[in-house]
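One letter stands for each residue in the lines below.
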There are 2 protein chains.
Amino acid sequence: MIEKELLAVARGDRPADRLFRNARLVDVLAGEIREAHVAVARGRIAGFGARDAREEIDLEGRYLAPGLIDAHVHIESSLVVPSQFARAVVPRGVTTVITDPHEIANVLGLPGIRFMLRDGAGVPLEIFANASSCVPASPLETSGASLDAEDLRSLLDEPRILGLAEVMSFPAVVAGDDGVLAKLEAFTGRIVDGHCPGLSGPALDAYVAAGIGSDHECIRLEEAREKLRRGMTVFLREATNARNLEELLPLVDERSERRLCLCTDDRTPADLMDEGSIDHLLRKSLAAGVDPVIAFRLATLNPAEYFRLPDRGAVAPGRRADLVTFSDLRDPRIEEVYLAGSLVAEGGDPLFSVSPETDETVRGTVEVDPETLDLSLPARGEGGRIRVIGIVPDQILTEELHLSPTVEDGEIVADPDRDLLRIAVVERHRGSGRVGRGMVRGFGLRRGAVAGTVAHDHHNLIVIGADEESMRTANRAVVETGGGLSVARDGEILARLPLPVAGLMSDRPVEEVRREMDRLLSAVRDLGSSLRDPFMAMSFLGLEVIPSLKITDRGLVDADRFEIVPLRVGASS
Amino acid sequence: MIEKELLAVARGDRPADRLFRNARLVDVLAGEIREAHVAVARGRIAGFGARDAREEIDLEGRYLAPGLIDAHVHIESSLVVPSQFARAVVPRGVTTVITDPHEIANVLGLPGIRFMLRDGAGVPLEIFANASSCVPASPLETSGASLDAEDLRSLLDEPRILGLAEVMSFPAVVAGDDGVLAKLEAFTGRIVDGHCPGLSGPALDAYVAAGIGSDHECIRLEEAREKLRRGMTVFLREATNARNLEELLPLVDERSERRLCLCTDDRTPADLMDEGSIDHLLRKSLAAGVDPVIAFRLATLNPAEYFRLPDRGAVAPGRRADLVTFSDLRDPRIEEVYLAGSLVAEGGDPLFSVSPETDETVRGTVEVDPETLDLSLPARGEGGRIRVIGIVPDQILTEELHLSPTVEDGEIVADPDRDLLRIAVVERHRGSGRVGRGMVRGFGLRRGAVAGTVAHDHHNLIVIGADEESMRTANRAVVETGGGLSVARDGEILARLPLPVAGLMSDRPVEEVRREMDRLLSAVRDLGSSLRDPFMAMSFLGLEVIPSLKITDRGLVDADRFEIVPLRVGASS
């Protein structure tokens, strides 16, 4: 729909709604910083140059840039619902995000994806989603839902669904598996995002030839360069648990930059509040010496072009007036944020409130009776070694350790002196009571237990503890609130964060969630863990598509051979 | 449709159809020249690196680049039908063109557009079209067809129609005219090409705000820069009659290049054969010092991205194997051309023949009885001055001259000594016998006449002569062949080029057409004209949307005020 009113303002027949005078414009189109007056009408850029306006804002030489775009983010990792997430990132200058709602999709399926769109619809943040391609992540887990090609196809008509989200099952794509190809074909002509850590050579050729357009899993410079040469758009990521930006920034130059974007993937409330969102990646890029116009392109024009959103990503007539202001080009701290021409954040604070409507369809997703769970780990016979998950600090991959268990009264028990803890994953979607049990090293608890319903990607109830009573208490703390995170010792709940929305998110403000998270972290540190974020570390111990030894409700998973393995080395499963 | 066979070749499980060994690859994606082996299967790029193949081609260090793309071309200007045009441009390395069929659309309407797609469908050149937006160019002419928004909408389902072709009625767009906005809205979400010579400031803001994405009419550097800053993709043009490339090349740098493309717009058979097509523009850019990778981007990746053709424009897995080879990076002369992996041209020659099917639906479009035409120009009363079209050499704009006519026996007559010639435009689509009459200076004929059914954009029969008998003979020569170009003196036809397809195109090879065109040019020079191409000059004297004084079948047109004006200065029309 062409706005005749906008044309009238553009050609000068009507006053603009707002005129930004004396801006230093970050012109990502022509590739320059230039002085400009920018007129806005009907939420769009009307044109350049001084003209009549109902309101004038003299920027006095401050910078004006297009709103920032996050090319790939799992909103669920902020632990708050999309509307609350908006209050956290919009003041950072983020005006558009492309989200993959695959955490909630693993719990609730299509209704979960639709909830994310619905909850985000009314807030001043442009939220687009890609359809989650890998639900469940594998058959070696029990998720709350399963999405096949037909299910995904039903999302094609949703105006906020752009394409297919990260196709993590890259071995299946490379092998030409029918199931995953059917999903890709359902999205022919749409955006298809990739996820292929370390993929290289002919396998990468096949993955790209299948039509996959991007990757955000590069950790090495040469890996990113190879993907770029094959035509992938490479998203440079700086997540809480995967900090790849610095390593990859040497890739950014005037020749290569057009096919590079920035993304946050997964960021905790604390990182969002202390560091920021895409604005943080932008500053980090600038600090590393990236040219300012190019750095802004990575966060504006490039993702807009990749995602075929020609109405944004630059300041030009007809495009959305999604704008940010700041004073220091080398260290931009976002001052005002405009969405479709309206001021929505100022000085780091949102100027809007939200009212998440989290009805029963997204609550009550934790079907666990903590009292009747069988967490026991009987020591069947004498001798022999067991498989133990070895945590690698700040990595989501693990090691497979073979150790002798500590046995008491016929039970394999935690032994904090050896940094050996019990771990269990409890199926929580269908009330089956199924429990996968194992042992973990590297978590560092001296006593007590931690539990949570955030466990990638199946999001079953995961619990780690030094004794069974603490584990039961931690489980109970989580189940009582319909999901969440908890820390317990013996019969006492030391701290908890309710995440009643799908067991993944809170509907409260991110500041509150962050305070409770801090209390949780403090409590778990008091119990002896020295990991930077034990909850995040725990949440990835269930992700069986990442090497080497993981655990799901179905038991221990050898993620390299991709099969369930027994606790005891040498036993048959 | 994902080709499982392609994936199998990509991952190395099956041999490739063809392997190009030891290429120096123009990698427009990563922005570098690099050594590579390139495997092709099923017409697509399978991957990089040495691997089994049914056929190996050792390039021995020669260059391999993506096939060239012409972002905007009126095929009709080559005077041959699309299939013959393919034989002319494919050996030049052009593998994809985006054409605006607005010449034939003005003669035949939608069936004309569909003929162009049909005739081009079977040949090894990827021909896409945009729907012609301005048919007729104005109400001050009689065209053979008129296309409104509904007509254009009927083209949306044609797989080879990308979007809306150059919206030449820029004043109507700027003013918010309902008719043109309806056309733009019919193509919401599609490509919309522009045409806005000299448009600037608020008017340009309005034109861009209406959703128009490109312009190929820039003649000055600052004009192009302003359009780039507003978000337009700028096509750098080097047409036969509009040579803008050299002036605009300083715009091309690493910051700006991504939104620049090359286009030929209108090229005569002689220019296509002697200079070339996009390959000529590429060499000219390189000669002016443009970096090779960037020059190739202008002709490959950039138009592919602008026109949203992600399956081409670069050499990468899954993309079409449209490839060219050459030996000198600074002066590329295309050696082999591959379309979808098949060799289709070699050493400047096409390796395919064509059989244009030009049935009756596109022939017999010249409804004129040359014998009964009233070409007379009675001198009504004594004295007074008349309006005379003043030709400006090598420009399509004209001057309005006010001169005293030469009168004999009560008739205004041509007076070669004063370089005053008779000109007439005869309506040829509906057999109305309507004739617009006037005088022209600057054409230079001493005797005889020239006629043609190529007259932008209405393509009526246009004739210029030193006497009425020669004009009648020239008309007859053209009408007899169902349209074309002719040169006559008195009762004798000196040369003619039949253009039986819509009166615009021949179905014979471009080489033959070029030879006949040379004979025509020689004949018209013998008659005294010193213009570089008198036929092209004549063909634009009927284009009333370009300043200043033009002529259509409805009479003289003041193209500045956009109205019919009388021959006599001061008379009422």
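Residues numbered from 1 in each chain as written. Chains lettered and ligands numbered in written order. Predicted model: local features only at pLDDT ≥ 70, side-chain atom pairs only at ≥ 80, totals over all residues. Heavy atoms only, no water.

When its secondary structure is counted, chain A shows 17 helices and 30 strands. Taking 25 Å as the expected radius of gyration for a compact globule of 573 residues, we find that chain A reaches 25 Å, a close match to that expectation. Expressed as lengths along the three principal axes of its C-alpha atoms, the size of chain A is roughly 90 × 50 × 45 Å. Here chain A holds 573 residues, and 66% of them are scored as buried. Taking the contacts inside chain A whose residues are at least 6 apart along the sequence as the reference set, 68% of them involve residues at least 24 apart. Here chain A holds 67 positive side-chain charges and 94 negative ones, and the gap between their average locations is 2 Å. (Helix = DSSP H or I, 4+ residues; strand = E, 2+ residues; numbered from the N terminus. Rg over C-alpha atoms; globule rule 2.2 N^0.38 Å. Buried < 20%, exposed > 50% of the residue type's maximum accessible area, 1.4 Å probe, protein only. Contact = heavy atoms within 4.5 Å. Lys, Arg positive; Asp, Glu negative; His and termini not counted. Charge placed at Lys NZ, Arg CZ, Asp CG, Glu CD.)

All names here are of chain A. Inspection of the secondary structure puts arginine 532 in the loop between helix 16 (510-526) and helix 17 (534-539). Between the C-alpha atoms of arginine 532 and alanine 474, which are 58 residues apart in sequence, the distance is 20 Å. Ignoring sequence-local partners within four residues, the contact set of arginine 532 consists of Arg243, Asp394 and Arg525.

What helix 7 (residues 178-186) of chain B keeps buried is the set Val180(B), Leu181(B), Lys183(B), Leu184(B) and Ala186(B). Between the side-chain oxygen of the N-cap and the backbone nitrogen of Gly179(B) there are 3.0 Å, and the N-cap of helix 7 of chain B in question is Asp177(B). (Polar contact = N/O pair within 3.5 Å; in protein donor to acceptor, adjacent residues only side chain to side chain.)

Contacts between the two partners involve 56 residues from chain B and, on the opposite side, 56 residues from chain A. Of the roughly 4,700 Å² buried where chain B meets chain A, counting both sides, 50% is carbon and sulfur surface. The largest per-residue losses of area from chain B upon contact with chain A belong to Arg229(B), Arg255(B) and Arg258(B), which jointly make up 18% of the total buried on that side. At the boundary of chain B and chain A, one finds 16 salt bridges. (Buried area = accessible area lost by both parts, 1.4 Å probe. Salt bridge = Lys/Arg side-chain N within 4 Å of Asp/Glu carboxyl O.)

Residue and element names in this part refer to chain B. The residue isoleucine 161 is located in strand 9 (residues 161-167) in this model. The exposure class assigned to isoleucine 161 is buried, which follows from its relative accessible area of 3%. Put simply, isoleucine 161 and phenylalanine 128 are 33 residues apart on the chain and 6.0 Å apart in space, counted from C-alpha to C-alpha. Residues in contact with isoleucine 161, not counting those within four places in the same chain, are Ile113, Leu117, Ala129, Ala131, Leu155 and Arg190.

Residue and element names in this part refer to chain A. Under the criterion given, the structure shown has 14 aromatic pairs over all chains. Ring centres of phenylalanine 20 and tyrosine 338 lie 4.9 Å apart, and the angle between their planes is 80 degrees; on these two criteria the pair is classed as edge-to-face. Highlighted residues: phenylalanine 20 in strand 1 (residues 18-27) and tyrosine 338 in strand 15 (residues 336-339), separated in sequence by 318 residues. For the pair phenylalanine 20 and tyrosine 338, a shared accessibility class is recorded, and that class is buried. Counting every residue linked through ring pairs, the aromatic cluster contains Tyr63, Phe296 and Phe326. Here arginine 160 stacks its cationic end above the ring of phenylalanine 128, 4.5 Å away from the centre of that ring. (Phe/Tyr/Trp six-rings, centres within 6.5 Å; stacked < 30°, edge-to-face > 60°. Lys NZ or Arg CZ within 6 Å of the ring centre and 35° of its normal.)

Residue and element names in this part refer to chain A. By the definition in use, this model includes 118 salt bridges over all chains. Among the salt bridges present, the one from arginine 320 reaches glutamate 126, with a minimum N-O distance of 3.5 Å. Here arginine 320 is found in the loop between helix 14 (301-306) and strand 14 (323-326), whereas its partner glutamate 126 is found in strand 8 (residues 126-131), with 194 residues between them in sequence. Residues arginine 320 and glutamate 126 agree in their burial class; the two are buried. Residue arginine 508 pairs with glutamate 516 through a salt bridge whose shortest N-O separation is 2.9 Å. When salt bridges that share partners are traced, they join Glu238, Arg243, Glu246, Arg267, Asp271, Glu275 and Lys284 into one network.

Residues and elements named next belong to chain A. Strands sit in the order 19-18-23-22-25-24-26-27 across an open sheet of eight strands; the sheet is mixed. A strand with exactly one partner marks an edge of an open sheet, and here the two such strands are strand 19 (398-403) and strand 27 (492-498). Each strand of the sheet is rotated relative to its neighbour by a mean of 25 degrees, with strand direction disregarded. Bridge count between strand 24 (residues 449-452) and strand 25 (residues 461-465): four bridges; the pairing is antiparallel. In the sheet register, valine 450 faces strand 25, and the bridge partner there is isoleucine 464. Contacting strand 22 (420-426), strand 24, strand 25, strand 26 (484-489) and strand 27, helix 15 (residues 468-480) crosses the sheet at an angle of about 150 degrees to strand 26. Across the face of the sheet, helix 16 comes into contact with strand 24, strand 26 and strand 27 while running at roughly 150 degrees to strand 27. (Pairing = 2+ DSSP bridges. Axes fitted to C-alpha atoms, helices over the stretch in contact; angles between N-to-C directions.)

Between the two copies of this chain, the relationship is a rotation about some axis together with a displacement along it. Superposing chain B onto chain A takes a rotation of 180 degrees combined with a translation of 0.0 Å along the rotation axis, leaving an RMSD of 0.1 Å. Both chain copies can therefore be described as sitting about a two-fold axis. Proximity to the rotation axis, assessed at the C-alpha, singles out Glu254(B) in chain B; its C-alpha lies 3.0 Å from the axis. Here 100% of the contact residues of chain B are again contact residues in chain A; the copies associate through an equivalent surface. (Least-squares fit on C-alpha atoms with pLDDT ≥ 70 in both.)

All names here are of chain B. Across the five residues of strand 12 (residues 233-237), five count as buried, placing the element largely inside the fold. The pairing of strand 11 (residues 214-215) with strand 12 spans two bridges and is parallel. Residue serine 214 lies in a different strand from strand 12, and its bridge partner there is threonine 233. For the segment spanning strand 11, helix 9 (residues 221-229) and strand 12, crossover handedness is right-handed. (Right-handed = clockwise from strand over helix to strand, strands pointing away.)

The next point concerns the sheet that holds strand 30 (residues 563-565) of chain B. All names here are of chain B. Strand order in the open sheet formed by three strands is 28-29-30, with antiparallel pairing between adjacent strands. Looking at which strands have only one partner, the edges of the open sheet turn out to be strand 28 (549-552) and strand 30. Geometrically, the sheet is characterised by an average inter-axis angle of 45 degrees between neighbouring strands, direction not taken into account. Strand direction decides the pairing type here: strand 28 and strand 29 (residues 555-558), joined by four bridges, are antiparallel. Bridge pairing in strand 29 links threonine 552 to glycine 555.

Inside soluble globular proteins, nonpolar side chains tend to come together where they are buried. If you look at the biggest cluster of nonpolar residues, it comprises 114 residues, and the most contacted ones within it are Leu125(A) and Phe535(A). No other element matches helix 16 of chain A, which puts seven residues into this core. Aside from chain neighbours lying at most four places away, what touches Leu125(A) is Phe85(A), Ala86(A), Val89(A), Val90(A), Val94(A), Thr95(A), Thr96(A), Val97(A), Gly120(A) and Leu339(A). Core analysis: the next-biggest nonpolar cluster, separate from the first, contains 113 residues, Val123(B), Leu228(B), Ala316(B) and Leu401(B) among them. (Core = buried A, V, L, I, M, F, W, Y, C linked by side-chain atoms within 4.5 Å.)

The next thing to look at is unusual backbone geometry. Cis geometry is adopted by the peptide bond preceding Pro136(A), which originates at Val135(A) and carries an omega value of -5 degrees. Relative to the helices and strands, Pro136(A) resides in the loop between strand 8 and helix 5 (149-153). Cis peptide bonds are those with omega within 30 degrees of zero, and the linkage from Pro547(B) to Ser548(B) qualifies with 0 degrees. Mapped onto the fold, Ser548(B) is located in the loop between helix 17 (534-540) and strand 28. Even without a glycine there, the phi angle at Phe562(A) is positive, about 60 degrees. The residue Phe562(A) is located in the loop between strand 29 (555-558) and strand 30 (563-565) in this model. The backbone of Ala340(B) sits at a positive phi, close to 45 degrees, despite the residue not being glycine. Following the sequence through the fold, Ala340(B) ends up in the loop between strand 15 (336-339) and strand 16 (342-346).

Let us now look at the packing of helix 8 (residues 201-209) of chain A against helix 1 (residues 4-11) of chain B. For the pair helix 8 of chain A and helix 1 of chain B, interaxial distance at closest approach is 7 Å and the crossing angle is 160 degrees. In terms of their interaxial angle, helix 8 of chain A and helix 1 of chain B are classed as roughly antiparallel. Helix 8 of chain A and helix 1 of chain B meet at a crossing whose hand is right-handed. In contact with Pro202(A), Asp205(A), Ala206(A) and Ala209(A) of helix 8 of chain A, helix 1 of chain B contributes Leu6(B), Leu7(B), Ala10(B) and Arg11(B). Residue classes in the contact of helix 8 of chain A with helix 1 of chain B are distributed as six nonpolar, no polar and two charged. (Parallel < 35°, antiparallel > 145°, perpendicular 65-115°, else oblique. Left-handed = near helix turned anticlockwise from the far one by under 90°. Nonpolar A, V, L, I, M, F, W, Y, C, P; charged D, E, K, R; others polar.)

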